[in-house]
Every structure is written in structure tokens, then in C-alpha cells.
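Now for the letters of each chain:
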Amino acid sequence: MVSSPAAKEIPSLASATQHFFREAAIHLKLDPGIIKILERPQREVTVQVPLVKEDGTLEVFSGYRVQHSNARGPFKGGIRFHPSVDLEEVRGLAALMTWKCAVVNIPYGGAKGGIAVDPKHLTKRELKTLTQNFISMIMPVLGPFKDIPAPDVNTSAETMGWIVAKACELADDDVRGIVTGKPIEIGGSLGRREATGKGVAVSTLRLLKWLGKDPGKMRVAVQGFGNNGSYTALYLAQAGCKIQAVSDISGGLYKESGLDINALFQYVQTSDNHLLAGYPDALPISNEELLETDVDVLIPAALENQITVANAERIKAPIIIEAANAPVTPEADVILGKRGITVVPDILANAGGVVVSYFEWVQNQQGYYWDLDTVNTRLTMIMHRAFDDIYTLANEQHIPLRKAAYVIAVQRVARALEQKGMFVG
Ligand code: NAD
């Protein structure tokens, strides 16, 4: 019987992000004033969003937009709809976006937003009205050159379409570049849907290349088979990796000779059922067992805080690629480091989505749309460059990849602040 991660030491994403920022700031001997600026968001907006429901009753939902830093460019980050959304969570996610955009060196700052709502309890019409009411209230702080939201948990391309409609109406202008992750028909980019998984796969293959390992000999386990995990598994299978285990919320599947990822991918695209119902030719395993499987590469691509002090000693994979945000707690990260396990951090591994969001925004400004090959070639180029910068720094300074990623990101943001004359009275 495999025990699940202990609940007691689970930190919030905000405190984990803050921890890694401080570690990098100390390493860089950053000016205390710059640390003060960057450890807090630049602006926080809280609004109470009214919604008249279809039955005539009035409900009010708390909405947030936190803008962490725009030192390197407009604020950028998703909007999520979830009952657990609060200011603390949104703050952490906003800072994470600042570091992620800086790691891949795209000209954005970081932000995040959300509404504390369970979208399952609203009709589609109610959800559209709630979204548009929220946008009306935070519109003063948004704009294609100010702050650019995108989809996140429980929001989608369709939600972005509703935002474009409301923003264009309020601005009396074509401001479709105000969000990314839009449907293709209204200015979205080819390749956006698969971009995060593609970026995770590109990062994984780049690491294997640096380590001199043949992808064809790699056994891989992927936790989570949603947008991120399914495309990651698909691209790695195409590169020759043997995907031995995958999972979703219903549990996992294991097959020593490798799962048929194409078949599973098709199954989840066309069925509302969970993974376990779709593939009889494999051993059912739990999510906890998947994390401890004897594979060469483990890719948590579902949720935060999956590898904790409770299971870090039992992880067998020598390589972990963080496709999800914050799947490894800071305490577990230390244990993995001592055990010689290489961890490719989330701010690098899953940055492919925001890179193609950036491409979408560029295409909106140009009014000229790229083909899929152009998108993928440029995505791969940016991911390789970011990976190589981090890998080289980590090797030169004998520090873990996560620390190297934060050092590069924090230094880029700090330099931008300095070059804007922060110290010139
Ligand atoms: P998704 O909703 O498409 O998929 C989530 C997957 O995780 C599903 O297969 C779901 O069944 C599974 N899951 C949910 N609860 C689980 C549990 N308790 N145990 C195991 N599996 C569980 O979400 P996504 O977009 O694929 O995002 C996954 C992770 O990647 C999140 O951490 C997200 O923040 C991160 N991420 C996603 C993107 C993106 O563009 N999609 C970008 C950056 C980071």
C-alpha cells in the first residue's frame, strides 16, 4: 500500500514561489530595495462581481487581478474560475508568471486573475455574463500593452472570445490583442493548444541530449492526461520514448512494453470518460504508485504538491520534468537534490504555453498570421535557448536547474528595474 503525500507540510504555491525567489535574490546579492519591490505585487485589484442569475436571484462573486511586475513588458497571466481562488493564491501565480516570462526571455511581466466561483453551478449564459461583468470592472487595468489575460483553470478559448467581445465594446476599438488563447477565427494562433505539452517534450529531449541519453531507450511516466500531459506524452512517444505509465483523476495505467499513446490520446479527445475506462490492455495503478514507478523520466503534469517529504525518498526516476506548476514542494526538492535526482523546474518546462501566447499577441499586432511550422520552429528555438542558458549556468556554478532558472529570471527582472532608473533619484 502506497501512502499519499502528507497534508501537513504542503506549502501554498505563493510561499514556494517566494522561497525560490529569495534563494535566487540571496545568490545574486540583490539590492534589498529591489528585493522589497519584487517580493510584493505591483498592483492588486479586488472586485465584487454581481450576477443576476437566470432564476432572477442576485449573487456576488469575489474577483481578483494581481499584477506582480511589468518591469520587462506588459503584465501577462491567466484567469481562473475556481471556488478556491483567493488573493494569496493569485499573488503566488502572478509572481510565477513574472519568473516564467523572464526565464524564456519574452518581453512580458507577470500577472494572474480569477473569480472564486464553481463554474459547474452556473449555466453557460450566466458564466458569460459573469465573465463580462468581471472584465468591465477590471478593464481600467487591462489592455494589449498593459495587461493581457489568457485561459487558466476552468477558462477556455471560448471564455477569451467573450472577453474580446466585451473589451472591444468598452474600448470602441479592435483590441483583440488584450487576451491570448483565443479561438483561431478571432485572432488565436495555430499551435497554442498543444504548446505547453510541446514545450515540456522539447525541454525533456534537450536534457536527454545534454546527458547523452537516447530517447529511444527512455521509460517515461506521465501523471495527468489533460491538455498538458496528453500532448507531452504524445510528442515524447513520437520521439521514440516508451511511455510506460499515464494517469488522470480516475487513476493510472501501466504497461512495461509501453502504452499505445496515440490510441489513448484519440480516446480522451473523443470521449467524456476517464482514462481507466478506455484502455483494457494495461495494469491499473494508483496515482501514488505512478509517481514511484521505476522509470527513467517522471513527468508530473496534473497538480501542485505531488512530490512531498512523504514520498520524495521513494521516487525512483533519476529525472523529473515539472510539467505542472509546483508539483514538487521546496522540502521535497531538497531531498531529491541530495539523492542526485535532476529536476527541470516548472518555470522552464511548462513555459511553452506562454511563449505561443506571446506569438499570438505578436501576430495580432502584425495582423499577419504564421503557419504551424513557423510557430513550432520558433517555439523550439526559444525553449532550446532558455534550456541551454539554464543548464550551462547550473553546470558552471554547481547549482540545481531550478536555482539556475530563478537566478537568470530574477537577474533579468532586476536589471530591467535598474535600467529604468530605479536608483537614479
Ligand atoms: P487539464 O485540466 O487539461 O488536465 C488535468 C489532468 O490532471 C487531467 O487528466 C485530470 O484528470 C488530472 N487530474 C486532476 N486531478 C488529479 C489527481 N488528483 N490526480 C491525478 N490526476 C489528476 O489541465 P492542464 O492544462 O493539462 O494543466 C495541468 C497542469 O499543467 C497544471 O498544474 C497547470 O497549472 C499546468 N500548466 C498548464 C498549462 C497549459 O497551457 N495547459 C500551462 C502551464 C502550466
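Per chain, the residues get numbers from 1 upward, laid out in the order the sequence is written. With the structure being a predicted model, the display of local features is reserved for residues of pLDDT at least 70 and the display and counting of side-chain atom pairs for 80 or more, all residues being used for whole-chain, interface and lining totals. Each side-chain value is worked out from all heavy atoms of the structure, with water and hydrogens disregarded.

## Topic: the site of the ligand
The condition is simple: Neighbouring residues are identified by heavy atoms, a residue being near a molecule or strand if any of them is within 4 Å of it. Accessible surface area values rest on a Shrake-Rupley calculation with a 1.4 Å probe, where residue burial reflects the displayed protein chains alone. In the scheme used here, Gly and all other residues not listed as nonpolar or charged are polar, with Ala, Val, Leu, Ile, Met, Phe, Trp, Tyr, Cys and Pro taken as nonpolar and Asp, Glu, Lys and Arg as charged.
Every one of the 16 residues lining the ligand counts as a neighbour, but T196, F225, N227, N228 and I249 are closest to it. Coverage of the ligand by the protein amounts to 70% of the 830 Å² it exposes when considered alone. Taken together, the residues of the shell around the ligand sort by class into 7 nonpolar, 8 polar and 1 charged.

## What to know about the side chain of E292
Operational definition: Each helix corresponds to a stretch of at least 4 residues labelled H or I by DSSP, and each strand to a stretch of at least 2 residues labelled E; elements are numbered beginning at the N terminus. Think of a polar contact as two N or O atoms within 3.5 Å of one another; within protein, one of them needs to be a possible hydrogen donor and the other a possible acceptor, and neighboring residues in sequence only count if both atoms come from side chains.
The topology assignment puts E292 in the loop between α9 (287-291) and β11 (297-300). Polar contacts involving the side chain of E292 include one to the side chain of R314, which spans 3.2 Å.

## Description of the sheet that holds strand β12 (residues 319-321)
We count it as follows: When DSSP finds at least two bridges between two strands, those strands are taken to pair. Interaxial angles span 0 to 180 degrees and are taken between N-to-C directions of axes, which are lines fitted to C-alpha atoms, for helices over the stretch in contact.
With mixed pairing, the 7 strands of this open sheet are ordered in space as β10-β9-β8-β7-β11-β12-β13. Only two strands of the sheet have a single neighbouring strand rather than two, namely β10 (283-285) and β13 (342-344). On average, adjacent strands in this sheet sit at an angle of 20 degrees to one another, irrespective of strand direction. Two elements, strand β7 (residues 219-223) and β11, share 4 bridges in a ladder whose sense is parallel. Paired with V220 across the two strands is V297, which belongs to β11.

## A closer look at the pattern of salt bridges
Definition in use: Salt bridge, as used here, is a side-chain nitrogen of Lys or Arg placed within 4 Å of a carboxyl oxygen of Asp or Glu. Per-residue accessibility, obtained with a 1.4 Å probe over protein chains only, is compared with the maximum for each type, and a residue is labelled buried under 20%, exposed over 50%, and partly exposed between these values.
Applying the stated criterion across every chain, the model contains 23 salt bridges. Residue K182 is joined to E360 by a salt bridge in which the shortest nitrogen-to-oxygen separation is 2.8 Å. On the criterion of sequence distance, the pair formed by K182 in the loop between α5 (157-171) and α6 (195-211) and E360 in helix α12 (residues 352-366) is long-range, its members being 178 residues apart. In this structure, K182 and E360 share a single accessibility class: buried. For K255, the salt bridge identified is with D281, shortest N-O distance 2.7 Å. Of this pair, K255 sits in the loop between β9 (251-254) and α8 (261-270) while D281 sits in the loop between α8 and β10, and the two are 26 residues apart along the sequence. Through salt bridges that share partners, R80, E89, K112 and D152 make up one connected network.

## Focus on the packing of aromatic side chains
Heads up, the condition is: Only centres within 6.5 Å qualify two rings of Phe, Tyr or Trp (six-membered ring in Trp) as a pair; their planes then separate them into stacked at under 30 degrees, edge-to-face at over 60, and tilted for everything else. In this analysis the charged atom, NZ for Lys or CZ for Arg, is taken to sit over a ring once it is within 6 Å of the ring centre and within 35 degrees of the ring normal.
Counted under the stated rule, the structure contains 12 aromatic pairs. Aromatic ring contacts, followed pair by pair, group Y108, F145, Y358, F359, W361 and W370 into a single cluster. Just above the ring of W370 sits the side chain of R378; from NZ or CZ to the centre is 4.4 Å. R402 extends its terminal NZ or CZ atom over the ring of F20, reaching a point 4.6 Å from the ring centre.

## Concerning the domain arrangement of the protein
Convention followed: Domains are outlined according to an automatic or database domain assignment. Contacts were defined at the residue level, with two residues in contact if any of their heavy atoms lie within 4.5 Å. Two parts lose some accessible area (1.4 Å probe) when they are put together, and adding that loss for both gives the buried area.
When its domains are assigned, the protein resolves into domain 1 (41-179) and domain 2 (195-349). For domain 1 versus domain 2, the distance between C-alpha centres works out to 30 Å. Across the contact, 4 residues belong to domain 1 and 4 residues belong to domain 2. Each partner contributes to the roughly 510 Å² buried at the junction of domain 1 and domain 2, and carbon and sulfur atoms together form 64% of this total. Three residues, L96, K100 and V103, lead the burial of domain 1 against domain 2; their summed loss comes to 69% of the area buried on that side. Taken together, the links from domain 1 to domain 2 amount to 0 salt bridges.

## Section: helix α10 (residues 330-338)
When we look at burial in α10, the residues that qualify are P330, A332, D333, I335 and L336. Residues of α10 that are buried make contact with α1 (13-27), β12, β13 and α14 (401-419).

## Structural notes on α8
The criterion, for reference: Starting at the helix axis, one direction is taken to each C-beta atom, and the arc is that of these directions.
Considered for burial, the residues of α8 that qualify are I261, L264, F265 and Y267. Along the axis of α8, the buried residues cluster in a sector spanning 160 degrees; they form a single face. In this fold, the buried residues of α8 make contact with α7 (227-238), β8 (242-248) and β9. Its side-chain oxygen 3.3 Å from the backbone nitrogen of N262, D260 forms the N-cap of α8.

## Points about the sheet that holds strand β5 (residues 110-115)
Pairing between the strands of a sheet is mediated by backbone hydrogen bonds and can be parallel or antiparallel. Taking strand neighbours across the sheet as the criterion, the 4 strands line up as β1-β2-β5-β4 in an open arrangement whose pairing is mixed. Looking at the sheet topology across the chains shown, the edges are occupied by β1 (43-52) and β4 (79-81). In this sheet, neighbouring strand axes are inclined to one another by 15 degrees on average, regardless of whether the strands run parallel or antiparallel. The pairing of β4 with β5 spans 3 bridges and is classified as parallel.

## Here we look at the packing of helix α13 (residues 372-397) against α14
Note the cut-off: What sets the label is the angle itself: under 35 degrees gives roughly parallel, over 145 gives roughly antiparallel, 65 to 115 gives roughly perpendicular, and the rest give oblique. Note on convention: the crossing is left-handed when the near helix lies turned anticlockwise from the far helix by less than a right angle, right-handed when the turn is clockwise.
Between α13 and α14, the shortest axis-to-axis distance is 8 Å and the interhelical angle comes to 115 degrees. If you check the angle between α13 and α14, you find them roughly perpendicular. Once α13 is placed against α14, the crossing between them reads as right-handed. Residues D389, I390, Y391, L393 and A394 of α13 pack against L401, A404, A405, V407, I408 and R412 of α14. Looking at the contact of α13 with α14 residue by residue, the classes come out as 9 nonpolar, no polar and 2 charged.

## Topic: the pairing of β7
For the record, the criterion: Classification remark: right-handed applies to a crossover when, strands pointing away from the viewer, the course from the first strand over the helix to the second runs clockwise.
Across the 5 residues that make up β7, a large majority, 4, are buried. Pairing of β7 with β8, which is carried by 5 bridges, proceeds in the parallel orientation. If you follow Q223 over to β8, its bridge partner there is S247. A crossover connection joins β7 to the parallel β8 through α7; in handedness this β-α-β unit is right-handed.

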